[in-house]
Amino acid sequence: MRSLVSQLRYTVRLLLKSPGFTVPAVLVLALGIGANTAIFSLVNGVLLKPLPYPKADRLMAIRQTVPGFDSFPLDYPDYLDFRRQQKSFEDLGAFYGDRFTISGQGDPELISGMYETGSLFKVFGRPFLLGGPFGETEDKSETRAVVVISEHLWKAKFQQDPKVVGASLTLDGRRYEIVGVTPPQANEGGGADVYLPLTQFPYLHDLETNRGGHVLGVIGRLKDTVTLLQARTDLEAISKRLNADYPTTNTKVGIRLIPYLDWVVGDYSASLWLLEGSVVCLLLITCANVANLIIGRALGRRTEVMIRAALGASRKRLFAQLLLETLVLVLVGGILGLVLGFFGMHLIKLACPENISRFQEVATDGASLIFVLSASVGTALLAGVLPALAGSNADLTPALGEGGERSATGSPLRRQKQSFLVAGQVALTFVLLTAAGLLTRSYQALHDTPLGFNPRHILIGDIYLRGSKYPDTTKCRLAWDTILDRLARLPGVNGAAVNTDLPFRSGAAILFGVEGQPDPEPGKEPAAEPQLVSANYFSVLGIPLLRGRTFGNQDQPDSERVVIISNSIARQFFFGQDPIGKQLNDLGDKVGQKNVLYTIVGVVPDVEHNSPDAQHAMFQTYYPYWQTPDAMDLGTVVLSVEQQPDSVLPAVRKTIASIDPDLPFSGGARFDQLIEKGFAGRHLSMLVVSLFSGGALILATVGLYAVLSYSVSQRRREMGVRIALGARAHNILRLVVSQGLRIGAIGLLMGVLAAAILARLIEGTLYHVPGTDPLTFLTAASILCLAALVACLFPAIRATRVDPIKALRE
Amino acid sequence: MIELKNVEKSYKLKNGFYYVLRQINLTVEPGDFVSVMGPSGAGKSTLLHILGLHDAEWEGEFYLLDQPVHKLKQKERVNLRKKHTGFVFQSYHLLDDLTVYENIELPLSYRDVPHSQRESIVCDALDRFNIVGKRDLFPSQLSGGQQQLVAIVRAIVAKPELILADEPTGNLHSDQAREIMELFKRLNSEGTTIVQVTHSEQNASYGKRIVRLKDGWMEK
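Computed from a predicted model, the values in this text were never measured in an experiment.

Procedures and definitions
Residues numbered from 1 in each chain as written. Chains lettered and ligands numbered in written order. Predicted model: local features only at pLDDT ≥ 70, side-chain atom pairs only at ≥ 80, totals over all residues. Heavy atoms only, no water. Helix = DSSP H or I, 4+ residues; strand = E, 2+ residues; numbered from the N terminus. Rg over C-alpha atoms; globule rule 2.2 N^0.38 Å. Buried < 20%, exposed > 50% of the residue type's maximum accessible area, 1.4 Å probe, protein only. Areas by Shrake-Rupley, 256 points an atom, 1.4 Å probe, with all protein chains shown as cover. Lys, Arg positive; Asp, Glu negative; His and termini not counted. Charge placed at Lys NZ, Arg CZ, Asp CG, Glu CD. pLDDT = per-residue confidence, 0-100. Contact = heavy atoms within 4.5 Å. Expected span 1.5 Å × (residues − 1). Patch = residues over 30% accessible without salt bridge, like charges linked within 9 Å, V, L, I, M, F, W, Y side chains within 5 Å. Salt bridge = Lys/Arg side-chain N within 4 Å of Asp/Glu carboxyl O. Buried area = accessible area lost by both parts, 1.4 Å probe. Polar contact = N/O pair within 3.5 Å; in protein donor to acceptor, adjacent residues only side chain to side chain. Axes fitted to C-alpha atoms, helices over the stretch in contact; angles between N-to-C directions. Parallel < 35°, antiparallel > 145°, perpendicular 65-115°, else oblique. Left-handed = near helix turned anticlockwise from the far one by under 90°. Nonpolar A, V, L, I, M, F, W, Y, C, P; charged D, E, K, R; others polar. Pairing = 2+ DSSP bridges.

Draft legend 1. Examining the overall build of chain B more closely. The helix and strand tally for chain B stands at 7 helices and 10 strands. Scaling as 2.2 N^0.38, a compact globule of 220 residues should have a C-alpha radius of gyration of about 17 Å, and chain B matches this with 18 Å. Counting only C-alpha atoms, chain B reaches 55 × 40 × 35 Å along its principal axes. Burial status across chain B gives 55% buried among its 220 residues. Taken as a whole, chain B presents about 10,300 Å² of accessible surface, with 46% of it coming from carbon and sulfur. The average position of the 28 basic charges and that of the 29 acidic charges among the side chains of chain B differ by 4 Å.

What follows is the structure in structure tokens.
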């Protein structure tokens with residue numbers, strides 16, 4: 001032990017005496033380990049750490065599949081059938097995400113919440129700070145209006161009142177009794193603040209009777225003895241029975257079982273794994289770089305190692321001594337890296353949109369510390385073993401003889417090892433550069449996809465009319481008329497419109513049929529994104545009318561129902577015809593009701609309803625909000641403004657408050673910023689991988705430079721002789737540069753092969769860019785060649801300046 | 001103690017072999033003090049490194065303390081060297097980053113001598129050679145003579161039966177050289193076998209006999 005302490009003391013002393021080596025090595029290690037810590041914390045916090053529920057791995061999301069969509073919510077009757085017939089789950093629970101206006105607790109505010117079955121609490125095993133869940137009885141009875149609130153709401157609205165259970169909370173103008181307070185969970189429900197019994201859902205009757213109305217999320221807890229495969233088989237059998245029993249609604253509807261964690265984080269798991277892969281590449285490059293530094297330094301310590309060997313040090317002891325130095329370096333780099341990783345992770349969290357599940361809960365925890373420790377030890381071994389092995393292999397006679405340094409026999413071998421490490425760095429750097437290039441091209445392609453509307457100078461915000469003041473369709477319609485009219489007259493506002501399903505906000509889909517055309521086969525019905533809009537919606541968002549007209553005064557609530565269709569519907573169903581005057585229907589006859597017909601009055605271009613890389617319906621249909629038979633209570637107001645959208649926000653809030661002081665205007669935000677947030681995940685991946693590849697490029701360039709510098713210093717006498725024999729500057733230049741480029745070329749070749757293999761893995765995350773995109777590969781290769789040339793040039797120039805007389809005297 | 005039979009050392013060149021040592025037959029008895037002399041390139045240092053078990057690339061038979069070195073594996077040679085030999089270099093080869101104390105302690109630590117024993121052995125050695133005051137100094141803070149003194153203390157601290165010295169006074173002025181040679185004489189009189197390489201007839205006179213080399217051959 002004392003021996004180890006004295007070894008450590010000596011090692012630290014030695015490292016402190018060589019700041020020119022120690023500082024860069026520690027910094028490189030800190031960056032490598034820090035980047036790995038940050039990204040691992042994210043991967044661990046989001047993808048690996050179990051959700052905060054008991055036996056969270058037994059939780060499954062149950063989804064239905066319909067042609068064109070591989071993950072669809074369930075309808076209520078199907079849910080009940082699955083719940084009754086299944087044998088694989090302890091229980092199932094269902095929920096419907098909604099928004100609520102909270103009043104009586106300061107300014108009215110729109111908050112997120114869920115209607116859910118009482119069984120869902122049990123399924124999740126959700127803990128409670130106060131009170132408890134509502135039970136099944138509340139599902140069956142409408143007599144008690146109860147609510148479970150989140151810890152966040154308890155703190156924000158009730159100042160952590162310990163007697164909050166039993167108090168009342170007004171949501172959408174209705175009073176609910178608080179029965180429990182639940183701590184924050186994994187943000188998987190979009191940060192729900194209130195949980196209400198499904199029986200309180202205003203349209204429960206529609207839910208109960210509408211088989212085919214896919215709106216419910218369903219979660220089940222697998223029995224301990226049942227495997228995922230068995231559960232899948234069980235549910236598939238039920239699904240097939242439902243297909244047979246309800247052919248009009250359930251034909252070609254399948255069932256899918258997804259581990260709940262995968263469902264929560266599925267959208268960005270590929271991106272996170274890509275980041276993890278990139279950062280591991282960076283760590284490997286870091287290791288190679290540090291190993292190179294150590295090998296380079298070993299030259300100056302050759303005699304010391306020989307003396308130690310001559311004094312009796314075994315190879316094992318020498319190896320341990322040299323490895324200990326790397327361990328100390330890595331330990332310091334690791335501590336610094338932990339600090340850097342901590343800040344890096346927070347920077348990434350800041351750059352992430354808040355609505356990405358689990359990102360905001362990510363923290364540097366025990367797992368991160370264990371990772372840092374493992375990464376550090378791994379780094380020390382990777383970076384230290386090769387140099388320690390090489391350094392401890394002491395051939396005593398040449399170095400101990402006087403003038404032994406001049407007859408260094410280990411140099412070519414050492415150069416070879418260093419060259420091998422640099423070629424590896426070049427290969428990994430090429431992989432990272434390619435990944436960054438592909439992500440950039442993919443992001444660019446996504447970003448450059450025409451949206452079909454102009455989101456600039458647009459302010460959007462949600463208004464929710466639910467409550468006793470808006471009991472029916474007429475009241476709601478009048479309220480929307482008033483709101484839009486008053487907002488449109490505000491100074492600086494060019495136009496005010498409304499949409500229930502604004503692009504980039506949600507992605508509901510309905511099936512439709514075309515009158516006069518054969519009924520589509522069950523399961524092959526076309527789906528559209530339905531949007532209830534005001535007449536001027538298209539002009540406010542700059543969507544041109546291609547044919548026909550927009551909605552007008554002739555389209556009264558009781559007159560013929562009308563629809564404006566997207567151009568893709570016109571192309572697919574009315575090719576070569578004028579669609580104006582033709583009719584769509586809602587396939588009501590499929591569920592035993594009368595078809596509702598909608599006459600086409602206009603055609604507009606298709607717009608990107610969601611992020612272009614998201615799965616969504618092919619078609620879009622627009623209906624005037626005043627013709628809907630159900631009250632349109634929730635809508636997004638779209639304001640076209642002259643100046644900065646934010647500048648009119650106070651006036652907008654004031655105007656809405658003057659119409660109804662209990663009406664919240666929620667989430668007033670710039671539309672273009674909201675759309676940018678939709679790309680944020682990809683943007684972040686691109687940015688981080690680009691940063692990593694930039695770092696890798698610098699490290700690889702420095703590595704190549706170091707090897708060539710070492711080589712030139714070793715070959716000074718050779719250069720001197722060559723110059724003395726008449727070699728000219730360009731001969732020497734070519735000699736050194738070709739040596740460097742040879743290493744670069746070998747690395748590049750290995751990199752191209754590795755990148756081509758890895759491209760297959762990330763192809764799924766790319767948008768409109770092939771994994772082996774030639775432009776990206778060529779650009780990455782050019783950048784590397786340029787960097788290699790720069791790295792070669794300086795040592796080469798130094799080689800041309802060797803004074804032959806001095807060199808030969810050395 | 002040492003017996004060499006037809007030991008040869010050569011390097012392979014394009015056109016054949018270049019011999020550094022030819023047919024060396026040498027016996028060194030315990031308590032002997034041998035000086036190896038000869039012009040530059042005669043093979044003196046090569047011979048010393050073979051005797052010191054630093055060099056394993058040679059042919060012939062070599063017995064050290066009755067152990068057939070030519071048959072031993074690398075690890076066994078290292079152990080033999082560690083146990084029985086001490087080496088003194090012309091340019092001292094002290095480790096610059098270790099103090100005098102630590103330099104002297106090093107061979108003991110490599111022989112796995114327990115820490116408490118090491119401390120007393122090193123302190124005794126410092127005392128015996130009157131360098132207690134220098135124990136915490138670094139080599140760069142010592143004169144050449146002092147450095148060589150420390151190097152000799154380091155070579156003998158583990159009490160080897162054989163000391164091999166390669167031009168031990170080559171970098172010292174005459175007064176310092178004399179002191180070092182006196183020290184060798186004293187160690188030899190205490191029973192330590194010494195083989196030194198030297199150019200100096202005066203230094204060689206401190207030994208009991210001289211072996212002369214020329215072009216790799218041992219002069220009869």
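Right, picking up where we left off after that structure.
Draft legend 2. Just the confidence of the model for chain A, in detail. In the predicted model, chain A carries a mean pLDDT of 84, and the fraction of residues at 70 or more is 92%. A low-confidence stretch, residues 402-410 of chain A stays under pLDDT 50, and its non-local contacts, those more than four residues away or across chains, total 11 contacts.

Draft legend 3. Geometry of helix α5 (residues 144-156) of chain B. Residue and element names in this part refer to chain B. Helix length check: α5 (13 residues) gives 18 Å between terminal C-alpha atoms against 18 Å at 1.5 Å per residue, within 8%. Within α5, 11 of the 13 residues are buried, which leaves it mostly tucked inside the rest of the structure. Buried within α5 are the following residues: G145, Q147, Q148, L149, V150, A151, I152, V153, R154, A155 and I156.

Draft legend 4. View of a nonpolar patch on the surface. Residues and elements named next belong to chain A. A surface patch of nonpolar side chains, about 440 Å² in accessible area, is lined by V23, L27, L31, L336 and L340. Residue assignment for the nonpolar patch shows that the elements contributing at least two residues are α2 (19-48) and α12 (315-351). The element best represented in the nonpolar patch is α2, accounting for 3 residues. Mapping V23 onto the fold places it in helix α2. Assessed through its relative accessible area of 46%, V23 is described here as partly exposed.

Draft legend 5. Local environment of the interface of chain B and chain A. Opposite the 26 residues of chain B that make contact, chain A presents 23 residues. Interface of chain B and chain A: buried area, both sides summed, is about 2,300 Å²; carbon and sulfur atoms make up 55% of it. Connecting chain B to chain A are 3 salt bridges. One salt bridge in this structure joins D112 of chain B and R317 of chain A, with 3.3 Å as the shortest N-O distance. Where chain B meets chain A, there are 8 residue pairs in polar contact (both at pLDDT 80 or more).

Draft legend 6. Structural detail: the packing of α2 of chain A against α12 of chain A. All names here are of chain A. Running from amino to carboxyl end, α2 crosses α12 at an angle of 45 degrees, the nearest separation of the two axes being 6 Å. With respect to α12, the axis of α2 lies oblique. Crossing geometry of α2 relative to α12 is assigned as right-handed. Considered class by class, the residues forming the contact of α2 with α12 number 19 nonpolar, 9 polar and no charged.

Draft legend 7. Layout of the environment of G220 of chain A. Residues and elements named next belong to chain A. Relative to the elements of secondary structure, G220 occurs in strand β10 (residues 217-222). As a C-alpha pair, G220 and L92 span 128 residues in sequence and 4.2 Å in three-dimensional space. Excluding residues that lie within four positions of it along the chain, G220 makes contacts with R58, L59, M60, I62, F89, D91, L92 and V123.

Draft legend 8. Expanded view of the pairing of strand β6 (residues 85-88) of chain B. Residues and elements named next belong to chain B. The alternating pattern of β6 places T85 and F87 and G86 and V88 on opposite faces, both of which are buried. In terms of strand pairing, β6 meets strand β7 (residues 162-166) through 4 bridges, oriented parallel. For F87, the partnering residue across the bridge sits in β7 and is L164.

Draft legend 9. The arrangement of the environment of P183 of chain A in detail. Residues and elements named next belong to chain A. The residue P183 is located in the loop between β8 (174-182) and β9 (194-197) in this model. Distance from P183 to L130, taken between C-alpha atoms, is 9.4 Å for residues 53 residues apart in sequence. Discounting chain neighbours no more than four positions away, the residues touching P183 are R126, P127, F128, L129 and E151.

Draft legend 10. Up close: the pattern of salt bridges. With the rule as written, the count across this model stands at 28 salt bridges over all chains. Among the charged side chains, a salt-bridge network with shared partners connects D78, D81, R84 and R211 of chain A.

Draft legend 11. Broad picture of the packing of α5 of chain B against helix α6 (residues 174-189) of chain B. All names here are of chain B. Two elements in contact, α5 and α6, have axes whose closest approach is 9 Å; the angle formed by their N-to-C orientations is 15 degrees. What the angle tells us is that α5 and α6 run roughly parallel. The hand of the α5/α6 crossing is right-handed. Touching G144, G145, Q148, L149, I152 and I156 of α5 are Q176, I180, L183, F184 and L187, all from α6. A per-class count over the contact of α5 with α6 returns 7 nonpolar, 4 polar and no charged.

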